[in-house]
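Secondary and tertiary structure notes
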Amino acid sequence: MATYIVGDIQGCLDELKLLLTTVQFNPSHDQLWIAGDLVARGPKSLQTLRFVKQLGESARIVLGNHDLHLLAVSLGIHRVKEKDQTAAIFSAADKDELLTWLRHQPLLAEHDEFVMCHAGISPQWDLATARSCAQEVEQILQSDNWHWLIKNMYSNQPDQWLDQLQGIDRYRYTINAFTRMRFCFADARLDMECKLPPNEIDNDQLMPWFDLPSRIALDKTVLFGHWAALEGHTSGTEIGLDTGCVWGGSLTMLRWEDKQFFVQPAL
Ligand SMILES: [Mn+2]
């Protein structure tokens, strides 16, 4: 039994399958954890959803911003972005099953030794707060009220966590932290604009969410994706797995038990 965690697939299913062959993944006793953004710019977004869904209990996924965007498109709230290759999903015979399955995936997944989410854990949260905030949003996403949530989730405000946040403000902060965050300001406000690698920013007010000095320490390693410009990141307590396969980089997979990385260059 081995646990494999992979970064953003974004429809790059061929690279994923090559990695699974490399590691001799066996769905009857191994687990594949996927750090979100299953779909978007890559050529096989529809096939990726089908492939991961049929893995059933042997796959654990969390939602990324592109996955949530797909749900927004399905409701007519947004249109398919020009560069996304997701249109085929909306004319597929199994569209409803796939989207319903996607909507029932969490924002945070937990292993005995690590947690996985798409962008990261808010530097203002301990693990208990992260868990309960994730659950609040997941419950709505899985309810008949999910249209309301998706329709109202698009805004960068509030950009700072307060325990007393309520309703959509609270859910929006939660969604933005788990699925969109990269840099924070020194006071822990989330910046939603900058996508550069940390060593290229000339704004000394911004720092990666995981480097914020006031960040609450967590007792588990955080595995995340979303930030291709990091080109992977390993510090011991945070491991970034997005190495930009869809941008011509590579797909990175970590075997948790022996901490071995497997890298498949983009085809
Ligand atoms: Mn993302």
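The protein is annotated in an unreviewed UniProt entry as Bis(5'-nucleosyl)-tetraphosphatase, symmetrical of Vibrio marinisediminis. In its Sequence similarities (unreviewed entry) section, the UniProt record describing the protein reads: "Belongs to the Ap4A hydrolase family." Quoted verbatim from the Catalytic activity (unreviewed entry) heading of the UniProt record, the comment on the protein is "P(1),P(4)-bis(5'-adenosyl) tetraphosphate + H2O = 2 ADP + 2 H(+)".

**A closer look at the nonpolar core**
Membership of the largest hydrophobic core comes to 82 residues, with the highest contact counts inside it found for Leu16, Leu32, Ile121 and Met253. Per-element tally for this core: the top contributor is helix α6 (residues 127-141), with seven residues. When near neighbours in sequence (up to four residues on either side) are disregarded, Leu32 contacts Tyr4, Val6, Leu16, Leu20, Phe25, Leu55, Ser58, Ala59, Arg60 and Met253. Residues Ala35, Ala109, Phe114 and Leu254 belong to the second largest nonpolar core, which totals 12 residues.

**Some points on the UniProt feature "domain: Calcineurin-like phosphoesterase" (unreviewed entry) in the protein**
Mapped onto the present numbering, the UniProt feature "domain: Calcineurin-like phosphoesterase" (unreviewed entry) falls at residues 3-148. Taken end to end, residues 3-148 comprises 42% helix and 11% strand; its first and last C-alpha atoms sit 35 Å apart.

**Some points on the sheet that holds strand β3 (residues 59-61)**
With mixed pairing, the five strands of this open sheet are ordered in space as β3-β2-β1-β12-β13. Each edge of the open sheet carries a strand with a single partner, namely β3 and β13 (260-265). Averaged over all pairs of adjacent strands, the angle between their axes in this sheet comes to 20°, without regard to strand direction. Direction of pairing for strand β1 (residues 3-6) relative to strand β2 (residues 31-34): parallel, over a ladder of four bridges. Pairing of Ile5 across the sheet is with Trp33, part of β2.

**Overview of α6**
A rise of 1.5 Å per residue sets the reference length of α6, with its 15 residues, at 21 Å; its end C-alpha atoms lie 21 Å apart and thus fit the reference within 8%. Along α6, the positions that sit buried rather than exposed are Leu127, Thr129, Ala130, Cys133, Ala134, Val137, Glu138, Ile140 and Leu141. Taken around the axis of α6, the buried residues stretch over an arc of 160°, which confines them to a single face. Contacts made by the buried residues of α6 are with α3 (65-74), α5 (95-103), β4 (109-110), β5 (114-116), α7 (146-152) and α8 (167-179).

**Comments concerning the coordination of the manganese ion**
Bound to the manganese ion on the protein side are Asp37 (OD), Asn65 (OD1), His118 (NE2) and His226 (ND1), at distances that span 2.1 to 2.3 Å. Look at where the donors of the manganese ion fall in the sequence and you get D-x27-N-x52-H-x107-H. Residue Asn65 is located in helix α3, and its partner His226 is located in the loop between β9 (221-224) and β10 (233-234); the two are separated by 161 residues in the primary sequence.

**A look at unusual backbone geometry**
Omega for the bond connecting Gln157 with Pro158 falls within 30 degrees of zero, at -5°, which places this linkage in the cis form. One can find Pro158 in the loop between α7 and α8. In this model, Gln24 sits at a positive phi of 55°, which is unusual for a non-glycine residue. Mapped onto the elements of the fold, Gln24 is located in the loop between α1 (13-22) and β2. At Asp37, a position not held by glycine, the phi torsion is positive, near 60°. Mapped onto the elements of the fold, Asp37 is located in the loop between β2 and α2 (45-54). Classification of Asp37 as buried rests on a relative accessible area of 2%.

**Some points on the pattern of salt bridges**
Counted by the stated rule, this structure contains 11 salt bridges. With a closest N to O distance of 2.8 Å, Lys220 and Glu110 form a salt bridge. Remark: Glu110 occurs in strand β4 and Lys220 occurs in the loop between β8 (206-208) and β9; sequence separation between them is 110 residues. Overall, Lys220 belongs to the buried group, its relative accessible area being 16%. Connected via shared salt-bridge partners are Glu110, Arg131 and Lys220.

**Observations concerning the sheet that holds β4**
In a beta sheet, neighbouring strands are held together by backbone hydrogen bonds and run either parallel or antiparallel to one another. Reading across from one edge, β4-β5-β9-β11-β10 is the order of the five strands in this open sheet, with mixed pairing throughout. A single partner strand is all that each edge strand has here, and the edge strands are β4 and β10. One ladder, built from two bridges, connects β4 with β5; its direction is antiparallel. Each residue of the ladder has a partner; that of Glu110, found in β5, is Val115.

Definitions and cut-offs
Residues numbered from 1 in each chain as written. Predicted model: local features only at pLDDT ≥ 70, side-chain atom pairs only at ≥ 80, totals over all residues. Heavy atoms only, no water. UniProt positions renumbered as here; feature names shortened; annotations may be inferred. Core = buried A, V, L, I, M, F, W, Y, C linked by side-chain atoms within 4.5 Å. Buried < 20%, exposed > 50% of the residue type's maximum accessible area, 1.4 Å probe, protein only. Helix = DSSP H or I, 4+ residues; strand = E, 2+ residues; numbered from the N terminus. Contact = heavy atoms within 4.5 Å. Pairing = 2+ DSSP bridges. Axes fitted to C-alpha atoms, helices over the stretch in contact; angles between N-to-C directions. Expected span 1.5 Å × (residues − 1). Arc of directions from axis to C-beta. Donors = N, O, S within 2.8 Å, 3.2 Å for Na, K, Ca; no water. Salt bridge = Lys/Arg side-chain N within 4 Å of Asp/Glu carboxyl O.

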